[in-house]
Amino acid sequence: MSDEEQEQTIAEDLVVTKYKMGGDIANQAVRLVLEAAKPGVSVLSLCEKGDAYIMSETGKVFKKEKEIKKGIAFPTSVSVNNTVCHFSPLKSDPDYILKDGDLVKIDLGVHVDGFIANVAHSFVVGASKENPVTGRKADVIKAAHLCAEAALRLVKAGNQNTQVTEAWNKIAQSFKCTPIEGMLSHQLKQHVIDGEKTIIQNPTDQQRKDQEKAEFEVHEVYAVDILISTGEGKARDGGQRTTIYKRDPSKQYGLKMKTSRMFFSEVERRFDAMPFTLRAFEDEAKARLGVMECAKHELVQPFTVFQEKEGEYVAQIKFTVLLMTNGPDRITNGPFDPELYKSEYEVQDPELKALLQSSASRKTQKKKKKKASKTAENASGQPTEDKEAAE
């Protein structure tokens, strides 16, 4: 974006509306995929279902404004058990069939006019109130959920990114779990999914030195991304095909192969700088070929399929939060039900306990200092849509 163009922020009502439209579609897409995620169902079919829903719903908004781009901001990924993230297979790839007891992470994103709403949700296939999840799967999902609740209370104007990193480490430890090393949550801007301000989880000593301290400010937007493991928290390339990429607008190179040039011009035209899946191309084989030269010369960045050690479990929760003048407003959220997950552990740290018990609701905070969060029910795992509609 050039300097002449005034950056649009959530100080403008229309921008907030666009974020919330994307947020509502993302929330519904997660619920749709979740409802379909039964034993015997293929991951590929779930990824296709999520993407088709996003395209169909974003196609219904701002119909008259032909110049407004909208659609997928992150392709639907369904990563199971020890797969950390970004598993979104092609038709020509080995698929995965869900089984009872699998720990599943759904990750997806929607944008309206480049304003991005990302969400991720973790659950166990077959879990019910009669058959709640216990043991390590329950520990890791509970830890991720509480990390999200802590972040909702910490990612607000005036606080620092390091406060969030420390809270996540302590919460994960209390459940004998570990945040995945070096994973980043990013500030979001129009058309930019990886803004400059970040929150790192479980940094190495070197990453801790390199990580820039940042203060959250009013009218910023963040995709808060939490990935917790029952294991050591080391994510490795699992050797599966990378299928999700995004264009790097800062890089240029004269592509030699015609297939690569055709592929890249389609990427520019259809996706701009948003992440995309090779599934979205009519000819998958040509896309697989075309992306290789583009990736080699860094015109596109890969979203690698990472894995933790076999036998471990990874849970992910991601939400998008708007830092409004009267407090943080979480616009995306999976339908977490605390009754389905019974862990023997709980947060012991008195400061963190007090933080988690503090209200994230708009009304109580308004009475205090007009601090706010629209998502009053979220701490109890209730859906947010009804609250939003009243705004």
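Residues numbered from 1 in each chain as written. Predicted model: local features only at pLDDT ≥ 70, side-chain atom pairs only at ≥ 80, totals over all residues. Heavy atoms only, no water.

Engineer: A description of the pairing of strand 14 (residues 314–324) should follow, citing residues and the corresponding values.
Structural biologist: By the criterion of burial, strand 14 is predominantly enclosed, with 11 of the 11 residues buried. Residues Val314, Gln316, Lys318, Thr320, Leu322 and Met324 of strand 14 are buried on one face, and the alternating residues Ala315, Ile317, Phe319, Val321 and Leu323, pointing to the opposite face, are buried as well. Where strand 14 meets strand 15 (residues 327–330), four bridges bridge the pair, whose relative direction is antiparallel. Paired with methionine 324 across the two strands is glycine 327, which belongs to strand 15. (Buried < 20%, exposed > 50% of the residue type's maximum accessible area, 1.4 Å probe, protein only. Helix = DSSP H or I, 4+ residues; strand = E, 2+ residues; numbered from the N terminus. Pairing = 2+ DSSP bridges.)

Engineer: So, the sheet that holds strand 11 (residues 276–277): which residues are in play, and what are the values?
Structural biologist: In spatial order, the strands read 11-10-12; together these three strands make up an open sheet with antiparallel pairing. In this open sheet, the two edge strands, each paired with only one partner strand, are strand 11 and strand 12 (300–303). Alignment of strand 10 (residues 244–247) against strand 11, held across two bridges, turns out to be antiparallel. Of the residues in strand 11, the one forming a bridge with tyrosine 245 is phenylalanine 276.

Engineer: How would you sum up the pattern of salt bridges? Please name residues and give values.
Structural biologist: Pairing of side chains with opposite charge becomes possible as their charged atoms draw close. Across all of its chains, the model carries 26 salt bridges by this definition. Salt-bridge contacts for lysine 234 lead to glutamate 181; the nearest nitrogen and oxygen are separated by 2.9 Å. On the criterion of sequence distance, the pair formed by lysine 234 in the loop between strand 8 (221–229) and strand 9 (236–237) and glutamate 181 in the loop between strand 5 (178–179) and strand 6 (184–188) is long-range, its members being 53 residues apart. Note that lysine 251 and aspartate 248 form a salt bridge whose closest N and O atoms lie 3.5 Å from each other. Lysine 251 sits in the partly exposed class, given a relative accessible area of 32%. Aspartate 248 gets classed as buried once you look at its relative accessible area, which sits at 11%. (Salt bridge = Lys/Arg side-chain N within 4 Å of Asp/Glu carboxyl O.)

Engineer: Any chance you could break down the environment of isoleucine 228 for me, citing the residues and the numbers?
Structural biologist: Checked against the element boundaries, isoleucine 228 lands in strand 8. For isoleucine 228, a relative accessible area of 0% translates into the label buried. Isoleucine 228 sits 135 residues away from aspartate 93 along the chain, and the two C-alpha atoms are 27 Å apart.

Engineer: I'd like a description of the nonpolar core, backed by residues and values.
Structural biologist: The biggest cluster of nonpolar side chains holds 66 residues, and the ones touching the most others in it are Val155, Val224, Ile228 and Tyr341. At 12 residues, the largest contribution of residues to this core is made by helix 3 (residues 135–154). Among all residues touching isoleucine 228, those that are not within four sequence positions of it are Val140, Ala143, Ala144, Cys147, Ala172, Cys177, Thr178, Pro179, Tyr313, Val314 and Ala315. (Core = buried A, V, L, I, M, F, W, Y, C linked by side-chain atoms within 4.5 Å. Contact = heavy atoms within 4.5 Å.)

Engineer: Give a detailed account of the side chain of asparagine 81, specifying residues and quantitative values.
Structural biologist: Assignment of secondary structure puts asparagine 81 in the loop between strand 1 (70–80) and strand 2 (83–85). Excluding anything up to four places from it in sequence, asparagine 81 contacts Tyr96, Asp102, Leu103, Lys105, Glu312, Tyr313 and Val314.

Engineer: Go over the environment of alanine 127, please, and point to the residues and values.
Structural biologist: Tracing the sequence through the fold places alanine 127 in the loop between strand 4 (115–124) and helix 3. For alanine 127 and aspartate 100, which are 27 residues apart along the polypeptide, the C-alpha to C-alpha distance reads 8.5 Å. With residues up to four places along the chain from it excluded, the contact list for alanine 127 reads Val133 and Leu340.

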